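Observations on chain architecture
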2 protein chains.
Amino acid sequence: MEKQFTEHLKKINGYNEAISLLYWDFRTGAPKKGADLRSETIGILSSEVFQLSTSNEFGELISSLESKKDELDSVMRRSVEEARKDYDLSKKVPPEEYKNYVVLQAKAESVWEDAKAASDFSMFQPYLEELVASTKKMIGYWGEKNGSPYNTLLDQYEPGMTTEVLDDVFGKLRDRIVPLVKQIQDSQAKPETDFLFKQFPKDAQREFSNKILEQLGYDFEAGRLDETVHPFMIGINRHDVRITTKYDEKDFRTAVFGTIHECGHALYEQNFGEELSGMPVEDGASMGIHESQSLFFENFVGRNELFWKNNYELLKTHAPEQFSGVELDDYYRAINESKPSLIRIEADELTYALHIMIRYELEKGLFNGEVQVSDLPKLWNEKYEEYLGIRPANDAEGVLQDVHWAGASFGYFPSYALGYIYAAQLKNAMMKDVPNFDELLEAGQVAPIREWLTKHVHQHGAMKKPLEILQDATGEGLNAEHLASYLEDKYTRIYQL
Amino acid sequence: MEKQFTEHLKKINGYNEAISLLYWDFRTGAPKKGADLRSETIGILSSEVFQLSTSNEFGELISSLESKKDELDSVMRRSVEEARKDYDLSKKVPPEEYKNYVVLQAKAESVWEDAKAASDFSMFQPYLEELVASTKKMIGYWGEKNGSPYNTLLDQYEPGMTTEVLDDVFGKLRDRIVPLVKQIQDSQAKPETDFLFKQFPKDAQREFSNKILEQLGYDFEAGRLDETVHPFMIGINRHDVRITTKYDEKDFRTAVFGTIHECGHALYEQNFGEELSGMPVEDGASMGIHESQSLFFENFVGRNELFWKNNYELLKTHAPEQFSGVELDDYYRAINESKPSLIRIEADELTYALHIMIRYELEKGLFNGEVQVSDLPKLWNEKYEEYLGIRPANDAEGVLQDVHWAGASFGYFPSYALGYIYAAQLKNAMMKDVPNFDELLEAGQVAPIREWLTKHVHQHGAMKKPLEILQDATGEGLNAEHLASYLEDKYTRIYQL
Ligand SMILES: [Zn+2]
Ligand SMILES: [Zn+2]
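I will try to describe carefully the structure that is included in this document. (Residues numbered from 1 in each chain as written. Chains lettered and ligands numbered in written order. Predicted model: local features only at pLDDT ≥ 70, side-chain atom pairs only at ≥ 80, totals over all residues. Heavy atoms only, no water.)

Topic: the packing of helix α12 (residues 305-318) of chain B against helix α13 (residues 328-335) of chain B
All names here are of chain B. Look at α12 against α13: their axes get within 10 Å of each other, and the N-to-C directions meet at 110°. As far as their axial angle goes, α13 and α12 are roughly perpendicular. Viewed along their axes, α12 and α13 form a crossing whose handedness is right-handed. Contact residues: E305, W308, K309, Y312 and L315 in α12; L328, D329, Y331, Y332 and I335 in α13. When the residues that make up the contact of α12 with α13 are grouped by side-chain class, the tally is 7 nonpolar, no polar and 3 charged. (Axes fitted to C-alpha atoms, helices over the stretch in contact; angles between N-to-C directions. Helix = DSSP H or I, 4+ residues; strand = E, 2+ residues; numbered from the N terminus. Parallel < 35°, antiparallel > 145°, perpendicular 65-115°, else oblique. Left-handed = near helix turned anticlockwise from the far one by under 90°. Contact = heavy atoms within 4.5 Å. Nonpolar A, V, L, I, M, F, W, Y, C, P; charged D, E, K, R; others polar.)

As structure tokens, this is what we get:
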């Protein structure tokens with residue numbers, strides 16, 4: 001039985017490897033005329049995976065393994081649980097309705113693109129209304145989880161997460177960040193940033209990025225770095241975890257911090273435990289835990305003063321003119337500039353979570369009936385005014401900026417902010433075991449830091465739920481305090497508050 | 001019925017696209033640690049394709065289309081014929097035996113690698129004996145075609161080809177080439193070639209190769225050029241036809257002529273008729289016709305004096321020192337140097353066909369019972385002595401040099417020589433429609449040349465048999481005369497015979 005189960009998974013994994021590669025290739029350099037046929041092929045293989053994942057045969061395998069649960073080893077037991085969860089999610093929905101739901105998303109994404117280009121929410125509104133209604137219907141099939149429809153959605157990205165928990169931690173975090181943002185705006189000690197935006201040739205950026213990846217312990221024999229318009233990390237198979245980055249010759253930070261971010265994701269997947277091979281638990285514990293790894297490297301390593309104490313000279317050798325006469329401390333303050341902005345993906349470390357909270361509050365409202373789709377643009381703009389002190393001039397830089405809702409990814413946004421909170425908690429716990437964290441960074445010795453994360457996070461894959469990982473690694477539940485005081489310390493110093 | 005047939009093919013095509021991309025990626029830069037899982041995935045998808053191609057459902061679709069053959073349009077009719085041929089080839093063999101045959105090939109290839117490294121034919125001999133015996137058994141299942149077991153094999157690569165035809169044209173060709181090779185050896189006017197082997201940086205070779213590809217009309221929006229150890233062309237989908245090349249910094253000819261060769265293959269596939277989309281006839285007419293396209297571009301274009309009259313200055317800008325003081329005529333003679341050599345894939349345009357004839361004669365003997373596997377090394381060496389006047393010092397540079405027999409690809413070799421013969425016949429016919437061929441090359445205007453080939457060869461895909469293509473394009477059957485006199489003219493001039 002176990003053998004049939006793993007054989008079935010092997011087939012699904014094989015198809016998924018092909019789909020991942022087709023996608024990666026599509027993004028990194030497939031010739032454009034082949035795109036239509038390529039999409040068709042991805043469709044064919046995806047529907048094959050869907051059939052394999054929802055077949056009665058597979059359902060029976062899961063059931064019979066559940067019936068002898070106590071005889072299974074822990075990896076198999078958790079894998080059966082994961083398989084059950086996914087199986088039910090797909091299987092509880094009538095196939096025809098599920099298909100319509102997917103088609104609606106595809107249609108909505110294309111309408112969203114046009115609406116964003118025209119900066120006209122009213123074009124997108126009827127589709128978003130239908131998406132919300134359909135998602136509510138899906139929740140009806142899936143069954144309400146943790147007491148509310150929106151919690152059902154949260155649980156899909158962050159198992160066990162609820163609005164009760166989020167309201168509490170997001171509230172506390174907001175109360176600390178908002179005043180800090182205001183103080184920074186009033187500060188007279190704003191960093192000079194002109195030199196960040198000078199010409200930095202692509203090849204030199206690529207070379208520098210590769211050196212940093214090597215320093216962080218990214219395994220180039222089990223991955224590669226390529227260039228795309230939107231950077232991402234993708235696990236093609238367990239020994240082939242690729243990352244991509246974007247080179248902006250007028251702003252090297254895009255590539256450097258983007259690469260470090262994706263490297264954090266990749267290190268997670270390159271260090272899954274060998275015993276998880278080919279099983280459903282060979283995966284991140286949640287979106288938020290995954291993001292905690294990328295953000296740990298991006299912020300606690302990549303935006304750390306001591307990391308640059310070690311690497312600033314190296315950076316300078318790749319762009320000598322750009323940084324000539326710029327002191328390390330000025331450089332450090334510049335790359336940590338904080339400024340309220342309208343676009344989430346361009347936000348800095350301090351204000352990012354506020355962008356997420358706005359989306360979270362609106363989503364929650366949509367699903368508990370307190371917010372109507374038609375109210376979104378107005379509410380969106382009001383919240384930006386309230387939290388960030390700025391107001392979008394139009395829908396394109398406001399409510400239409402993200403694709404997530406067009407893809408019915410309701411409940412996904414909170415994971416980004418949770419990633420920050422988790423990362424800060426992990427950093428705090430790590431300091432007990434690795435008290436010389438700063439010295440290690442200064443010496444370019446990242447291995448003990450990475451190994452701590454592998455021990456407490458990476459190797460477990462999805463064997464534990466996110467809050468278990470947190471509890472086991474830090475001895476605490478979700479706690480925004482560590483992120484809040486880290487941000488206060490850091491920005492007080494940078495802006496001399 | 002037709003719709004079900006094309007839907008079934010669409011699925012097979014989708015899987016094949018994925019397999020092709022997995023393979024391409026594997027060769028061009030997949031991280032090495034992912035290789036084992038990658039091979040498994042290719043195996044999973046390949047066996048899926050095999051099942052789809054041999055399913056009873058597909059067999060019934062073919063049969064019912066055959067029963068209303070007269071109502072089908074020409075593309076559908078020929079596609080059903082092709083599908084029937086492939087279906088029978090796979091289906092006539094009992095699945096278990098077919099599987100063993102494939103496993104034997106895989107095993108034999110790995111033994112061949114070791115045997116070649118050890119330069120010891122006796123290691124490989126028992127496997128080759130088994131391969132020949134198994135292939136004979138397969139011929140029993142497939143049914144003898146055109147009167148002899150070996151003709152059955154020839155037909156798989158070159159539909160309709162027989163030993164009767166080959167003996168005749170190869171005989172005539174050999175009688176013209178062998179004396180020419182001897183004259184060249186005695187010639188006092190040997191070209192100077194030292195300058196060919198100077199350092200030519202990879203990046204400059206890549207840049208030059210790309211420019212030549214553009215000149216030849218390779219569509220970069222439907223393909224791309226990458227680097228591999230062994231160059232190849234691969235059609236991922238009909239609008240995504242990729243080529244690879246190899247850069248040898250001490251011999252730029254590898255990349256330049258290799259790229260032009262693969263470009264010829266790619267132009268064939270980039271120019272299949274739109275109406276063949278997704279059908280089995282969207283394929284080369286035969287291995288030999290495919291090779292005729294690569295060789296046409298490699299030799300009649302790429303090794304043509306007038307092509308270099310147009311491109312030599314461009315080449316020089318990419319490697320100024322290497323060619324300083326070298327006159328165009330000396331360059332032209334150097335790249336056309338002819339010298340008997342032991343290794344087929346390193347052979348020049350004149351001697352290449354002799355390498356093929358040796359293999360052909362030995363293969364034919366193996367299958368009509370006149371040659372024993374154990375005699376191969378001795379016979380091989382004798383034939384090299386007879387045809388080329390040189391003798392391999394060991395099995396590695398003799399009978400073990402090619403992988404083909406280890407993969408049971410008996411009957412494949414003749415296609416290479418047929419490619420030369422076809423190409424020369426096409427060139428001769430083209431001269432009637434494009435009498436200013438030389439002027440066009442000199443002016444860098446390849447379009448009319450390429451368009452002639454598209455009209456007479458490319459667009460038809462596998463709608464016609466190879467000898468039909470030849471007849472329709474040239475008004476003749478297979479005829480070695482054109483290749484022979486082309487070679488005589490060319491080498492008489494180069495070696496002042
Ligand atoms: Zn991320
Ligand atoms: Zn070829």
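Next comes the rest of the account.
A look at unusual backbone geometry
Backbone geometry at S119(A) places phi at a positive 50°, although glycine is not the residue there. Topologically, S119(A) is positioned in the loop between α5 (95-118) and α6 (121-142).

Looking at the relation of the copies chain B and chain A
Each of the two chain copies goes to the other by way of a rotation about an axis and a shift along it. Between chain B and chain A, which share one sequence, the superposing operator has a rotation angle of 179° and an axial displacement of 0.1 Å; the RMSD is 0.1 Å. When the rotation and shift are considered jointly, the pair of chain copies conforms to a two-fold rotation axis. Measuring from the rotation axis to each C-alpha of chain B, the shortest distance belongs to A18(B), at 2.9 Å. Interface overlap between copies: 100% of the residues of chain B at the interface are likewise at the interface in chain A, consistent with a symmetric, same-surface contact. (Least-squares fit on C-alpha atoms with pLDDT ≥ 70 in both.)

Considering the packing of aromatic side chains
To describe a pair of aromatic rings, you give the distance between the ring centres and the angle between the ring planes. Residue and element names in this part refer to chain A. Under the definition given, this model contains 71 aromatic pairs over all chains. Here the aromatic rings of Y352 and Y416 are separated by 6.3 Å at their centres, their planes lie at 80°, and the arrangement is edge-to-face. Taken as a pair, Y352 in helix α14 (residues 352-368) and Y416 in helix α16 (residues 413-433) lie far apart in primary sequence, 64 residues in all. Comparing Y352 with Y416 shows no difference in burial state: the two are buried. Here a set of aromatic residues connected by ring pairs shows up, and it is made of F195, F200, F208, F252, F257, F307, W308, Y312, F323 and Y331. The side chain of R303 reaches across the aromatic face of F257, ending 4.2 Å from its centre. Here the basic side chain of K427 rests over the ring of F437, its NZ or CZ set 4.5 Å away from the ring centre. (Phe/Tyr/Trp six-rings, centres within 6.5 Å; stacked < 30°, edge-to-face > 60°. Buried < 20%, exposed > 50% of the residue type's maximum accessible area, 1.4 Å probe, protein only. Lys NZ or Arg CZ within 6 Å of the ring centre and 35° of its normal.)

Some thoughts on the pairing of strand β3 (residues 240-245) of chain B
Residue and element names in this part refer to chain B. Of all 6 residues making up β3, 6 are buried, and the element is well covered by its neighbours. By the alternation rule, side chains of β3 split into D240, R242 and T244 and V241, I243 and T245, which are all buried. Following strand β2 (residues 233-237), the chain reverses through 2 residues before pairing antiparallel with β3. (Pairing = 2+ DSSP bridges.)

Focus on the interface of chain B and chain A
Counting residues at the interface gives 36 residues for chain B, matched by 36 residues for chain A. Both sides together, the interface formed by chain B and chain A hides about 2900 Å², and carbon and sulfur atoms give 56% of it. At the junction of chain B with chain A, the criterion picks out 12 salt bridges. Top contributing element to the side of chain B that touches chain A by residue count: helix α1 (residues 2-28) of chain B, with 11 residues. (Buried area = accessible area lost by both parts, 1.4 Å probe. Salt bridge = Lys/Arg side-chain N within 4 Å of Asp/Glu carboxyl O.)

Comments concerning helix α19 (residues 466-474) of chain B
Residues and elements named next belong to chain B. Among the residues making up α19, those that are buried are P466, I469, L470, A473 and T474. One side of α19 holds all its buried residues, which, seen down the axis, span an arc of 95°. Considering only its buried residues, α19 is in contact with α11 (287-301), α16 (413-433) and α18 (447-456). Count one or two residues on from α19 and you reach G475, which has phi positive near 75°. (Arc of directions from axis to C-beta.)

Digging into the coordination of the zinc ion (ligand 1)
Residues and elements named next belong to chain A. Listed as protein donors to the zinc ion (ligand 1) are H261 (NE2), H265 (NE2), E291 (OE) and E291 (OE); their distances from the metal cover 2.1 to 2.8 Å. Coordination at the zinc ion (ligand 1) is irregular, judged from the 4 donor atoms that bind it and the angles of 48 to 126° they form at the metal. Motif for the zinc ion (ligand 1), donor spacing along one chain: H-x3-H-x25-E. A residue pair is termed a helical-turn pair when its members lie 3 or 4 positions apart in one helix, as H261 and H265 do in helix α10 (residues 253-270) at 4 residues. Exposure class is identical for H261 and H265. Each is buried. (Donors = N, O, S within 2.8 Å, 3.2 Å for Na, K, Ca; no water. Tetrahedral: all angles 85-135°; square planar, octahedral: opposite > 155°, others 65-115°.)

Looking at the coordination of the zinc ion (ligand 2)
Residues and elements named next belong to chain B. For the zinc ion (ligand 2), the protein coordination sphere consists of H261 (NE2), H265 (NE2), E291 (OE) and E291 (OE), at 2.1 to 2.8 Å. One way to put it: the 4 donor atoms around the zinc ion (ligand 2) meet at angles of 49 to 125°, and that makes the site irregular. If you list the donors of the zinc ion (ligand 2) from N- to C-terminus, the spacing comes out as H-x3-H-x25-E. Taken together, the residues H265 in helix α10 (residues 253-270) and E291 in helix α11 connect sequence positions 26 residues apart. As far as the burial class goes, H265 and E291 line up, both buried.

Focus: the pattern of salt bridges
Note on pairing: side chains with opposite charge can pair once their charged atoms come close. Within this structure, the stated rule accounts for 86 salt bridges over all chains. Across the pair E313(A) and K316(A) runs a salt bridge, and its minimum N-O distance is 3.9 Å. You can see E313(A) and its partner K316(A) sitting in helix α12 (residues 305-318), 3 residues apart, about one turn around the helix. Given the relative accessible area of 52%, E313(A) is considered exposed. Linking K10(B) and E7(B) is a salt bridge whose minimum nitrogen-to-oxygen distance equals 3.9 Å. With K10(B) and E7(B) both in helix α1 and 3 residues apart, the pair spans about one turn of that helix. With a relative accessible area of 37%, K10(B) lands in the partly exposed category. One connected set of salt bridges, linked through shared partners, spans E17(A), D240(A), R242(A), D25(B) and R38(B).

Any link to function would need more than the numbers given here.
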